[in-house]
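Listed below, chain by chain, are the residues.
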Amino acid sequence: MDRPAKTPAAPSRAAETPTPTAQAGGARGGAHAAFESPASEGHHAFELPRVTALLMHALPRFIEGVIAPVAVFYAALTLLGLNGALVAAVAWVYGGIIYRFVRGHPVSGMLLLAAVGVTVRAITAAATHSAVVYFLQPTLGTLIISLSFLASVPLGRPLAMKLARDMAPIPEAFLKHARVHQFFLRISLLWSMVLFTNVAVSLWMLFNESIGMYLWFRTGIVAGLGAIGVAVSVWGFKRVVRHVNREPAAA
C-alpha cells in the first residue's frame, strides 16, 4: 500500500518574524534616543545617555579648545611678552587643527570656534597693545550669549532646547511635550543667570586684579559656576525624562 505523500511543513513563524532581540540589535546603531515599540504609539520614551559618557566625550575637546589656549597664552606672556603670547595662542589652536587634518582625525566644532575667536582677539589686542582687550572680548561675547538665553524665554523658543538638540539625538515628539518645553524654558533662564554672573565676576577681576590672578581665579570661579549649572541641568532633565516616560503607564 502506497504511503500518502508528505505535505511540506509550513514555514515556522519564528523563521519569518525576526526576534525582538534581532530587531533591537539592528535598530540600535549606537543611538542614545529611542521610541517604544509600535504597539505603544504615543509613548514618547527617551533614554538618557550616561552622563559619564557625555563628559568623557566632551572633556578632551573642552581642554583642547578652551583651557589649553589660556594656559599657553599665560605661559608665553610670562616668557615672551604680549606679542609672543598672541603668536603662541594662535599657533597652538591652528597647530591643533593642522595636526588633526594631517592625521585624518575630525576637527571638533569647539576647536574651530576657538580658532575664530583667538584670531579676532589676537588681531584686536595686537592693534591696541593691550592684554586686557584680549580677555575683554570673550567676556562681552558671553554677555551676548547670556542675553540670548534670556530673550529666548519670553519668545517661547528656549535656546537650551536648541543646544540640547545639537548635542544629543533627542526625538522631536519628546521635545514637543509640554513638560519638556517648560523644563527647557527654565534651564534657559538658569543659564542666562549663570553666564551673567560669569560676566560680572570676569569684568570685576579684569579691571581690579593682575592678569595672572584674573586667569587662574576667574577660571576657577567660572568652572565652578558652570559645574553647578551642568549639575542642575542634568538632574532636572533626568527628572523630566522619568515623568514623561511614566505618563503612558500611569494612564
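What you see is a predicted model; the values in this text were computed from it and never measured.

**Student:** For this particular structure, what's the right way to read the environment of Y134?
**Tutor:** Looking at the element boundaries, Y134 is found in helix α5 (residues 131-152). As a C-alpha pair, Y134 and A122 span 12 residues in sequence and 6.5 Å in three-dimensional space. Dropping the residues within four chain positions of it, Y134 is found in contact with F73, L86, A89, V118, R121, A122 and A125.

**Student:** Any chance you could explain the environment of W216 here in plain terms?
**Tutor:** Relative to the assigned elements, W216 resides in helix α9 (residues 211-250). By relative accessible area, which is 46% here, W216 ends up partly exposed. In this structure the C-alpha to C-alpha distance between W216 and A71, which are 145 residues apart in sequence, comes to 9.3 Å. The contacts of W216, once residues within four sequence positions are left out, are A71 and Y74.

**Student:** How should I be thinking about the side chain of S152 in this particular structure?
**Tutor:** Relative to the elements of secondary structure, S152 occurs in helix α5. Of the polar contacts made by the side chain of S152, one reaches the backbone nitrogen of L159; its length is 3.0 Å. Setting aside residues up to four positions removed in sequence, S152 forms contacts with R157, P158, L159, L185 and S188.

**Student:** Just checking my understanding: could you explain α5 for this structure?
**Tutor:** An α-helix turns once per 3.6 residues; consequently, residues spaced three or four apart project the same way. A rise of 1.5 Å per residue sets the reference length of α5, with its 22 residues, at 32 Å; its end C-alpha atoms lie 33 Å apart and thus fit the reference within 8%. Those residues of α5 not exposed but buried are A131, Y134, F135, T139, T142, S146, F149 and S152. Between the side-chain oxygen of the N-cap and the backbone nitrogen of V132 there are 3.2 Å, and the N-cap of α5 in question is S130.

**Student:** Explain a positive patch on the surface to me, please; I cannot follow it from the model alone.
**Tutor:** The grouping of R186, K238, R239, R242 and R246 at the surface amounts to a positive patch. Mapped onto the elements, R239 comes out in helix α9.

**Student:** Where do I start with the nonpolar core in this structure?
**Tutor:** Among soluble globular proteins, nonpolar side chains are generally buried collectively. Judged by nonpolar contacts, the single largest core of 22 residues is most densely connected at F73, L86, Y134, F135, I211 and Y214. Looking at this core, the elements with two or more residues in it are α3 (51-103), α4 (109-128), α5, α8 (178-208) and α9. Looking at which element gives the most residues to this core, the answer is α3, with nine residues. Dropping the residues within four chain positions of it, F135 is found in contact with F73, R121, L206, I211, Y214 and L215. M161, A164, W191 and L195 belong to the second-largest nonpolar core, a separate cluster that totals 18 residues.

About the thresholds
Residues numbered from 1 in each chain as written. Predicted model: local features only at pLDDT ≥ 70, side-chain atom pairs only at ≥ 80, totals over all residues. Heavy atoms only, no water. Helix = DSSP H or I, 4+ residues; strand = E, 2+ residues; numbered from the N terminus. Contact = heavy atoms within 4.5 Å. Buried < 20%, exposed > 50% of the residue type's maximum accessible area, 1.4 Å probe, protein only. Polar contact = N/O pair within 3.5 Å; in protein donor to acceptor, adjacent residues only side chain to side chain. Expected span 1.5 Å × (residues − 1). Patch = residues over 30% accessible without salt bridge, like charges linked within 9 Å, V, L, I, M, F, W, Y side chains within 5 Å. Areas by Shrake-Rupley, 256 points an atom, 1.4 Å probe, with all protein chains shown as cover. Salt bridge = Lys/Arg side-chain N within 4 Å of Asp/Glu carboxyl O. Lys, Arg positive; Asp, Glu negative; His and termini not counted. Charge placed at Lys NZ, Arg CZ, Asp CG, Glu CD. Core = buried A, V, L, I, M, F, W, Y, C linked by side-chain atoms within 4.5 Å.

That's the geometry; what it means functionally is another story.
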